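# Commentary on secondary and tertiary structure
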Amino acid sequence: MKEIVVLSGKGGVGKSSLTAALGHLLAEGGRRITLADTDVDAPNLHIVLGAEFDSSSGVTASNKAVIDYDRCSRCLKCAEVCKFASIIGGEEPVVISYSCEGCGACAIVCPTGAITVQPVENGRINLVRHGSIRVVAGELGIGESSSGRLVDFVKKRARQEAALSGCSLLLTDGPPGIGCPVIASLKGSDYAVLVTEPTPSAFSDLQRAAEVLRGFKVPAGVVINRADMHQKSKETLLAWMAEAGLPLLAEIPYDPQLPQALAQGCLGVVIYPDAPSSLAIRQLSETVAAMLDDGH
Ligand code: SF4
Ligand code: SF4
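Quick summary incoming for the structure in this document. Here the structure is a predicted model, which means the values were calculated and not measured.

## So, the sheet that holds strand 12 (residues 220–225)
The strand order across the open sheet formed by 9 strands is 3-8-9-2-10-1-11-12-13, and the pairing between neighbours is mixed. The sheet is open, and its two borders are formed by strand 3 (52–59) and strand 13 (248–252), each paired with just one other strand. On average, each strand axis in the sheet is inclined to that of its neighbour by 20°, with strand direction left out of account. Pairing between strand 12 and strand 13: 4 bridges, direction parallel. Pairing of valine 222 across the sheet is with leucine 248, part of strand 13. Docked against the sheet, helix 1 (residues 15–28) engages strand 1 (2–7), strand 2 (33–37), strand 8 (123–130), strand 9 (133–140), strand 10 (169–173), strand 11 (191–196), strand 12 and strand 13, running at close to 165° with respect to strand 10. Lying over the sheet, helix 8 (residues 231–244) contacts strand 11, strand 12 and strand 13, oriented at roughly 175° with respect to strand 12.

## Section: the packing of helix 1 against helix 11 (residues 276–293)
Orientation of helix 1 relative to helix 11, taken along the N-to-C sense of each, is 65°, at an axis distance of 9 Å. Crossing of helix 1 against helix 11: the hand is right-handed. Of the residues in helix 11, those touching helix 1 at Leu18, Ala21, Leu22, Leu25, Leu26 and Glu28 are Ile281, Arg282, Leu284, Ser285, Val288 and Ala289. The residue makeup of the contact of helix 1 with helix 11, split by class, is 9 nonpolar, 1 polar and 2 charged.

How each quantity is defined
Residues numbered from 1 in each chain as written. Chains lettered and ligands numbered in written order. Predicted model: local features only at pLDDT ≥ 70, side-chain atom pairs only at ≥ 80, totals over all residues. Heavy atoms only, no water. Pairing = 2+ DSSP bridges. Helix = DSSP H or I, 4+ residues; strand = E, 2+ residues; numbered from the N terminus. Axes fitted to C-alpha atoms, helices over the stretch in contact; angles between N-to-C directions. Contact = heavy atoms within 4.5 Å. Left-handed = near helix turned anticlockwise from the far one by under 90°. Nonpolar A, V, L, I, M, F, W, Y, C, P; charged D, E, K, R; others polar.

Read these as layout, nothing more, since geometry by itself doesn't imply function.
Below, the structure written as structure tokens:
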């Protein structure tokens, strides 16, 4: 099975809607695919797809300090050592759960052994369906930490689901940014699709995302969304891509029908198949399908 991850560095450039449309078109072309939504802070792939909810389960991918007050001598050494200011020391120590990173330093210094670091539920994995496509979506709990570990869980579950259904492709909607969740989402990927737009801020974030991919030696290509927004910025982007050895996979023109489709809870490629953006995305899906057929 091949794994492709869609990343952008920057949020708001159309990564999730492009992943959804790409997944839909590849499945329409007869490919068995599983989608993974690893944007666990704001999962919305299922909404873009208009997918049906299937099932949900809690995930324990975080650790928090827990104090046994019967053993606590109120020395407050734990509050002094916590680098995250997650223990408030008044008359007795209180753990601020949302900021506790589960590092265990407080448990080490506690003279009475009153602190243990325990696993806690910090998110959910939701299974949804869109036609023949299974979607595995992670959802971080409000104010919870360890999103990178949750993404790791989502990828593992998605691989299991893909193997069970005999899928040949796992397509992952990656999180924005360049941090731990992004690294977890691209781990094990054969190829990355980088989505950007011709603006200075998207360009800067693309460069950072490309650097992460270089570090992990994941080959990648670029999709320029809203490509006709600013010609000079696009030329700068294309020149940098040539220098960085990143091929152009597709240019998707700005097309008001795309947001109109999203506003209706539908995919543009489904309800406006002849729109300029839909034709460009269809061309992209054919490029990706050809790459997969060639064994890339
Ligand atoms: S270090 Fe241990 S004994 Fe001291 S206040 Fe904290 S929990 Fe209580
Ligand atoms: S586990 Fe680490 S972050 Fe959490 S309260 Fe203890 S020292 Fe602070």
